[in-house]
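# Per-entry structural report
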Amino acid sequence: MIYLTQYDEKDARGLNDFMEERDCTKKARVIAFHCDSDFFYQKGMAFFQKGDLERASKYLDRAIKFKPNEVEYLCQQAEILSELEHYESSIRLLKKVVYELDSKLTDCYFFIANNYAYLGEFEEALDGIQTYLTLEPNGTFKREAQELYQMLTSEMKELEEEESEYVTVHERGRLALEHGHFDEAIHFFKQVIEDEPDFLAAQNNLSIAYFSLEETGHALETVNRVLQKDPGNIHALCNLATFYYQLENEKDLQSVVDRLDLIFPLYAEHCGKLGSTYLFIGDYQKAYRWLRIAEKRGAHQDQVFHFWMALSAYHCGNEEGAKQSWRRVGYFSDKPFHPFKYSKIQDMMFEPGAGENFMVKDLINKEVWEDMKAFQIFSLFYAERNQYRTLIQDVAKSGTNVEIIRIARRMLHEMDTGKRDLGIQIMSEVEKLAGGPKETMKHPELYSFWSVVDSFAQDDETDISGWAAALIYLWKKEFDEPVAQKTIATQAGTTLYRLRKHIQELSVALEKQWEDHSQ
């Protein structure tokens, strides 16, 4: 018992000592931890240095709650909010500093002007710049302020030009350009330029019309004439970049892109133009960034703009954002062109991994049920290449017409048995001769021509290369692209005799079909 009593007392003393030491440590820890304004400010600045702007702003906000009139805190938070594109909140803090706390901090006027410029409120921005330059004619940001002043006045001038008397004629040209009436567009743009040589918007659109007609020399000459007058003209630089991209002139393209990378436009429509240009040349990260900025600043957002947003978001890995934008595209229902006629749609449908793209699947799924036979057939061929078996099965079961159902069933049979369908192989050969499926997509009438061949050339002895050559030859002839029969025969790997034989047969069949349709 004595042993037990001695043990209990010793154990109790040890426990008391331990508890006292723990309390001391705990108290020391609490005393050393000062959660004051400086602590939160330093934490915020640490996150700011790391680039974590959201957390930096939260800590600065807590520091400001301790000291709501601390100028250093307010200015730093204003900078962070500006980088987060919370321009109005940044302006409020800067105005509080310079209007209420310290009127000598005149640099605030420069930063206020910057924020207004990004909001697209150019008059307020100009007021801020003029105030800054008046108070600080040799200030720290003198050069930047002068550059911003010139940029703002240029933006204001362009906006005023858009409201001039030439708008009506220019708008006619723009609409003609949008509808693909390039000769008509050129006529209107030249009329505007003749009356007002400094109306640069007309010259920029004139260059696009020229390029669309493959008058490359005139297009480049026109766009460079704009850049001589205004070296920083965003529309001209963007147009030039797309021209060089299509001409596969990588050296000159890179030179223009280097200039575009230095541009930080203020006007929302210019941000959209820059974003669409980066999209066109395949730089999706920059495209998505500038399109989002354009969206936030209130740029006009039509169906094409939403497609740009969807495609750039998709390539940036933001599939949910892409789906939200895609729903607003509405298959370009308000636009004059079929979706498959847009070059960026064509690019999207034939880029690596396109078969898994939800937008591509939506387009193909829509077109196989529409009434335009040529695009229906193209969509079936696309579905077969990308193994959209369920879709082909649905069409084979309940397609829109007997011919489309028949083609779908034959494709299923080919997929199931591995046995080539000779009629389908003719169209595959036509696609090769036309430059591949992507090029054939640009000329859907080829699928209509093929459907005529397919209707009477399906026996086991079908001359695939001969029929494909005949179809290509008649198509080129129909669309005023004459080519020697011998050349076509050589390209297709058939004889001149077979080609001529099939040309005669196909010509009779096509004439009969056209007569039937005209009755």
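Here, every reference points to the structure presented above.
Remember, predicted model here, so these are calculated numbers, not experimental data. Every chain is numbered on its own, with residues counted from 1 as its sequence reads. For a predicted model such as this one, the threshold for reporting local features is a pLDDT of at least 70, and the threshold for listing and counting side-chain atom pairs is 80 or more; totals across whole chains, interfaces and linings nevertheless cover every residue. Hydrogens and waters are ignored; side-chain quantities use all the structure's heavy atoms.

## Things to note about the overall build of the protein
Labels follow the DSSP assignment, with helices taken as runs of H or I lasting at least four residues and strands as runs of E lasting at least two, numbered in each case from the N terminus. When you go through the protein residue by residue, the secondary structure sums to 29 helices and 0 strands. Nonlocal contacts in the protein, meaning residues at least 24 apart in sequence, comprise 57% of its contacts between residues at least 6 apart. All accessibility values rest on the Shrake-Rupley procedure with a 1.4 Å probe; residue burial counts only the protein chains present in the view. When the accessible surface of the protein is summed, it comes to about 28200 Å², and 49% of that surface belongs to carbon and sulfur atoms. Working rule for contacts: check all heavy atoms of both residues, and any pair within 4.5 Å makes them a contact.

## Considerations on the packing of aromatic side chains
A ring pair, where both rings are aromatic, is described by two values, the distance of the centres and the angle of the planes. Geometry of aromatic contacts follows a simple scheme: Phe, Tyr and Trp rings, the Trp one being its six-membered ring, pair when their centres are within 6.5 Å, and the pair is stacked under 30 degrees between planes, edge-to-face over 60, tilted otherwise. The final tally for this structure, using the stated rule, is 31 aromatic pairs. Seen in terms of ring centroids, Phe-340 and Phe-375 are 5.2 Å apart; in terms of plane orientation they differ by 75°. Their pairing is edge-to-face. Taken together, the residues Phe-340 in the loop between α18 (319-327) and α19 (343-349) and Phe-375 in helix α21 (residues 373-385) connect sequence positions 35 residues apart. The same class applies to Phe-340 as to Phe-375, namely buried. Pairing Phe-381 with Tyr-447 gives two aromatic rings, centres 6.0 Å apart and planes at 50°, and the pair type is tilted. Linking Phe-381 in helix α21 with Tyr-447 in helix α26 (residues 445-456), this pair joins segments that are 66 residues apart in sequence. The classification of residues rests on relative accessible area computed with a 1.4 Å probe and restricted to protein chains. Under 20% of the type maximum is buried, over 50% is exposed, and intermediate values are partly exposed. Given the relative accessible area of 2%, Phe-381 is considered buried. With relative accessibility at 0%, the residue Tyr-447 sits in the buried group. A connected cluster of aromatic rings, assembled from ring pairs, spans Phe-340, Phe-350, Phe-375, Phe-378, Phe-381, Tyr-382, Tyr-388, Tyr-447 and Trp-450.

## Things to note about the environment of Asp-102
Topologically, Asp-102 is positioned in the loop between α5 (87-101) and α6 (107-118). Residue Asp-102 is classed as partly exposed on the basis of its relative accessible area of 27%. With 31 residues separating them along the chain, Asp-102 and Val-71 place their C-alpha atoms 8.0 Å apart.

## What about the pattern of salt bridges?
What counts as a salt bridge is simple: a side-chain nitrogen of Lys or Arg found within 4 Å of a carboxyl oxygen of Asp or Glu. Here the structure, examined in full by the defined rule, presents 28 salt bridges. Among the salt bridges present, the one from Glu-356 reaches Lys-361, with a minimum N-O distance of 3.8 Å. Residue classification places Glu-356 among the exposed positions, given a relative accessible area of 60%. When salt bridges that share partners are traced, they join Glu-171, Arg-174, Glu-178, Asp-302 and Lys-335 into one network.

## What about the environment of Pro-336?
If you trace the backbone, Pro-336 turns up in the loop between α18 and α19. Note: C-alpha distance between Pro-336 and His-179 (157 residues apart in sequence) is 6.1 Å. Apart from the residues within four sequence positions on either side, Pro-336 is in contact with Glu-178 and His-179.

## Details of helix α4 (residues 71-83)
What a helix is expected to span follows from its residue count: subtract one and scale by 1.5 Å. An ideal rise of 1.5 Å per residue puts 18 Å on 13 residues; α4 measures up with 19 Å between its terminal C-alpha atoms. For α4, the full list of buried residues reads Tyr-73, Leu-74, Gln-76, Gln-77, Ala-78, Ile-80 and Leu-81.

## Here's the deal with unusual backbone geometry
Look at Glu-248: it is not a glycine, yet its phi comes out positive at around 60°. In this fold, Glu-248 is placed in the loop between α13 (234-246) and α14 (250-260). Phi at Phe-332 is positive, roughly 60°, even though this residue is not glycine. Tracing the backbone through its elements, the reader meets Phe-332 in the loop between α18 and α19. Take Phe-332: its relative accessible area is 2%, and that puts it in the buried class.

## Regarding the packing of α21 against helix α24 (residues 422-433)
A packed helix pair is summarised by two numbers, namely the angle formed by the two axes and the spacing between the axes. Contact geometry of α21 with α24 gives a least axis separation of 12 Å together with a crossing angle of 95°. Between α21 and α24, the crossing angle belongs to the class labelled roughly perpendicular. On α24, the residues that touch Phe-381, Glu-384 and Arg-385 of α21 are Ile-424, Met-427, Ser-428 and Glu-431. Each residue is assigned to one of three groups, with Ala, Val, Leu, Ile, Met, Phe, Trp, Tyr, Cys and Pro labelled nonpolar, Asp, Glu, Lys and Arg labelled charged, and all others, Gly among them, labelled polar. Across the contact of α21 with α24, the residue classes tally to 3 nonpolar, 1 polar and 3 charged. Axis definition: a line fit to C-alpha positions, over the contact stretch in the case of helices; interaxial angles, taken between N-to-C directions, run 0 to 180 degrees. Small angles under 35 degrees read as roughly parallel and large ones over 145 as roughly antiparallel, with 65 to 115 read as roughly perpendicular and the rest as oblique.

## Details of the packing of helix α10 (residues 182-195) against helix α11 (residues 200-212)
One way to put it is that α10 packs onto α11 with a least axis distance of 9 Å and a crossing angle of 155°. As summarised for this structure, α10 and α11 are arranged roughly antiparallel, according to the angle between their axes. Crossing angle aside, the handedness with which α10 passes α11 is left-handed. Contacts from Phe-182, Ala-185, Ile-186, Phe-189, Lys-190, Val-192 and Ile-193 in α10 reach Ala-202, Gln-203, Asn-205, Leu-206, Ala-209, Tyr-210 and Ser-212 in α11. The hand of a helix crossing depends on one turn: near helix anticlockwise from the far one by less than a right angle means left-handed, and clockwise means right-handed.

## Looking at the side chain of Gln-77
Residue placement: Gln-77 occurs in helix α4. Polar contact is the term for a pair of N or O atoms within 3.5 Å; when the atoms are in protein, one must be able to donate a hydrogen and the other to accept it, and sequence-neighboring residues count only if both atoms are side-chain atoms. Among the polar contacts made by the side chain of Gln-77, one reaches the main-chain carbonyl oxygen of Ser-57 at a distance of 3.1 Å. Among residues more than four places away in sequence, those in contact with Gln-77 are Ser-57, Leu-60, Asp-61, Ile-64 and Leu-93.

## Some points on the side chain of Asn-204
Relative to the assigned elements, Asn-204 resides in helix α11. A relative accessible area of 4% means that Asn-204 is categorised as buried. Other than its neighbours up to four places away in sequence, Asn-204 contacts Val-226, Asn-233, His-235, Ala-236 and Asn-239.

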